[in-house]
Amino acid sequence: VFFGTIINAAYGIANQITTQINFFSGTAQGTTSPQITKSEGFGDRKRTIRLSFFSSKIGFFLLAIIAIPTIFELKPLLTIWLKNVPDYTVIFCTLILISKVIEQLTSGLNTTFLAFGNIKYYQIVTGTLTILNLPFAYFLLSYGFSAYTVLYFCIFIEIIIGISRLFFLRLLGGVHISNSINELIGKEFLMMAPALILCSMIFYFIEESIFRIIFMYSISSISFILCFYFLSINTDERKTISNILSSLKEKITRKKIS
């Protein structure tokens, strides 16, 4: 309605990139969903909460490990891929990725609320907040704001939705908000902060090149893996990861034999 085909194409490209980056995160969380539902069905609320925290952490890890260095290297990556990059593509991609990273901080709690069964008010609140993106986008653009301001509002909405999830976890699951913030937000930022600092240093002190892209992804990945394993997850969660890796190894071995 407000802009031409170029800006809409840029927005489409940004969504396409974000969808691909978000794929692994969504797949990983899908593997933990049955266990969360099963635990709640057996009345093991502690395990349900523990698994929901783990689901958020691993989902955040798999998204952020790709998204963070990509945000820094969007311009050269898009130039390699598209040659002629449409206006606004870089800022659209950046803001959408930031929005997804914020969403992923607490997204693992969604399955937990479904397992609880009492989701009426949770869905009303989060659904209403999400729908607000449309009228506010129209309002902002009607008053002449830039196209990307819509995505700033989207980021704001994701922050509010994340906060509301913590309140509903307190209301429905009896988990204190301070515990949720420490176990989720705190541990996830511990995981991300070193990589964010390293990526910033590489971006500002090394000239743009293929070498910088490879170096940034390599250093960032190592940082994320180490911080995830040693700072973000606890002993039980490490055992869960070991079991998942062992299961995958067995499946691969069976396929090779057959």
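Residues numbered from 1 in each chain as written. Predicted model: local features only at pLDDT ≥ 70, side-chain atom pairs only at ≥ 80, totals over all residues. Heavy atoms only, no water.

### Comments concerning unusual backbone geometry
Its identity as a non-glycine residue notwithstanding, K83 has a phi of 65°, on the positive side. Tracing the sequence through the fold places K83 in the loop between α3 (74–82) and α4 (89–104). Accessibility expressed as a relative area gives 62% for K83, which makes it exposed. Not every positive phi belongs to a glycine, and Y88 is a case in point at roughly 75°. (Helix = DSSP H or I, 4+ residues; strand = E, 2+ residues; numbered from the N terminus. Buried < 20%, exposed > 50% of the residue type's maximum accessible area, 1.4 Å probe, protein only.)

### Overview of the nonpolar core
Formed by 53 residues in total, the largest nonpolar core has its most connected members in F113, L169 and F224. Contributions of two or more residues to this core are made by α1 (5–41), α2 (45–72), α3, α4, α5 (109–116), α8 (149–173), α9 (177–205) and α10 (210–232). Examining the composition of this core, we find that 12 residues originate from one element, α2, more than from any other. Counting five residues, the second largest nonpolar core, distinct from the first, contains L140, F153, I157 and I161. (Core = buried A, V, L, I, M, F, W, Y, C linked by side-chain atoms within 4.5 Å.)

### Digging into α1
Taking 1.5 Å per residue as the helical rise, α1 with its 37 residues ought to reach 54 Å, and the 50 Å between its terminal C-alpha atoms agrees with that figure. Of all bends in α1, the biggest is about 35°, found at N22. Looking at the residues trailing α1, positive phi occurs at G43, about 80°. (Expected span 1.5 Å × (residues − 1). Bend = angle between axes of the 7 residues up to and from the residue.)

### Some words on the side chain of E158
Tracing the chain through its elements places E158 in helix α8. Summary of buried charges: E158 has no salt-bridge partner, and the nearest side chain of opposite charge, R165, is 5.1 Å away. Dropping the residues within four chain positions of it, E158 is found in contact with S99, I102 and E103. (Lys, Arg positive; Asp, Glu negative; His and termini not counted. Salt bridge = Lys/Arg side-chain N within 4 Å of Asp/Glu carboxyl O. Contact = heavy atoms within 4.5 Å.)

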